[in-house]
Amino acid sequence: TVAGKLISVKYSAPSVKGRQIFGDGGLLSKEKNYPVWRAGANAATAFHTDATLDIKGLTVPPGDYTLYVQVNPTPWQLIINKQTGQWGLTYNQAQDLGRVPMEMGKPSGVVETLRYTLTATGPSAGKLTLEWENVSASVPFTVKQ
């Protein structure tokens with residue numbers, strides 16, 4: 001919770017399992033022409049907010065959404081999509097609420113299993129972070145009062 005409001009991410013977490021995921025020749029590389037990634041495995045990644053959020057200038061009203069990530073080019077783009085309940089790679093760009101650039105970094109070590117974290121960074125501020133393999137990508141957000 002941030003500012004007393006529930007914010008959640010529900011996702012299936014794939015593992016690296018010895019594969020290269022990002023970068024030249026990786027599973028999600030530009031060479032493989034991967035337009036957007038469902039940001040997880042199996043069902044598309046679900047995002048819920050009980051509050052109106054400001055994510056880097058994008059207003060996200062309370063409700064349920066699907067998260068996607070465009071991994072090429074850098075920086076990645078977090079996509080908030082209004083369609084929910086999709087399985088796998090079903091993606092409809094016309095349903096995008098919006099896209100925001102992610103802050104790119106590297107975790108302290110290899111992250112074997114995809115991990116999302118939501119952390120409070122202030123009384124009405126937080127950060128959504130996605131980490132997998134050798135990449136960390138995050139966006140700050142604020143809860144609008």
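For the structure itself, consult the block above.
1. Section: the overall build of the chain
Secondary structure summary: the chain contains zero helices and eleven strands in total. In sequence order, the chain lays out its α and β elements as β-β-β-β-β-β-β-β-β-β-β. C-alpha extents for the chain along the principal axes are approximately 45 × 35 × 25 Å. Per-residue burial over the chain gives 43% buried out of 145 residues. Considering only residue pairs separated by 6 or more positions, the chain has 55% of its internal contacts joining residues 24 or more positions apart.

2. Notes on the sheet that holds strand E2 (residues 41–49)
Spatially, E1-E2-E5-E6-E7 is the arrangement adopted by the five strands of the open sheet, whose pairing is antiparallel. Of all the strands in the sheet, just strand E1 (7–12) and strand E7 (96–101) have a single pairing partner and so form its edges. For this sheet, the mean inter-axis angle between neighbouring strands, taken without regard to orientation, is 25°.

3. Brief notes about the environment of Thr129
Locating Thr129 in the fold gives a position in strand E10 (residues 125–133). Classification of Thr129 by relative accessible area gives buried; the value is 9%. Along the sequence, Thr129 and Ala3 sit 126 residues apart, while their C-alpha atoms lie 18 Å from each other. Look past the residues within four positions of Thr129 in its chain and what remains in contact with it is Arg115, Tyr116, Thr117, Ser136, Ala137 and Ser138.

4. Quick word on unusual backbone geometry
Of note in the backbone geometry, Ala3 takes a positive phi value of approximately 55° without being a glycine. Here Ala3 lies in the segment before E1. Owing to a relative accessible area of 30%, Ala3 belongs among the partly exposed residues under this scheme. In this structure, Lys17 is a non-glycine residue whose phi angle is positive, near 50°. Take Lys17: it is sitting in the loop between E1 and E2.

5. Some words on the nonpolar core
Residues Phe22, Trp37, Leu53, Val69, Trp76 and Leu78 are the most contacted members of the largest nonpolar core, which totals 34 residues. Residue assignment for this core shows that the elements contributing at least two residues are E1, strand E3 (53–55), strand E4 (58–60), strand E5 (63–70), strand E6 (77–81), strand E9 (111–122), E10 and strand E11 (135–143). For this core, the element with the highest residue contribution is E11, accounting for five residues. Not counting residues up to four positions away in its chain, the partners in contact with Trp76 are Phe22, Trp37, Val69, Gln70, Val71, Val100, Pro101, Met102, Met104, Leu130, Val135 and Ala137.

6. Some points on the pairing of E10
In terms of residue burial, E10 counts as a mostly covered element, since eight of its nine residues are buried. Relative to E10, E9 is paired through eight bridges, and the arrangement is antiparallel. Bridging across to E10, Tyr116 finds its partner in Leu130. Hairpin connection from E9 to E10: two residues lie between these consecutive antiparallel strands. Inspection of the sheet shows E10 paired to E11 by eight bridges, in the antiparallel sense. Residue pairing across strands places Leu130 opposite Ala137, the latter belonging to E11. Counted along the chain from E10 to the antiparallel partner E11, the turn is one residue long.

Reading guide: rules and limits
- Residues numbered from 1 in each chain as written.
- Predicted model: local features only at pLDDT ≥ 70, side-chain atom pairs only at ≥ 80, totals over all residues.
- Heavy atoms only, no water.
- Helix = DSSP H or I, 4+ residues; strand = E, 2+ residues; numbered from the N terminus.
- Buried < 20%, exposed > 50% of the residue type's maximum accessible area, 1.4 Å probe, protein only.
- Contact = heavy atoms within 4.5 Å.
- Pairing = 2+ DSSP bridges.
- Axes fitted to C-alpha atoms, helices over the stretch in contact; angles between N-to-C directions.
- Core = buried A, V, L, I, M, F, W, Y, C linked by side-chain atoms within 4.5 Å.

Note that every value here comes from positions in space, so none of it alone points to a role or purpose.
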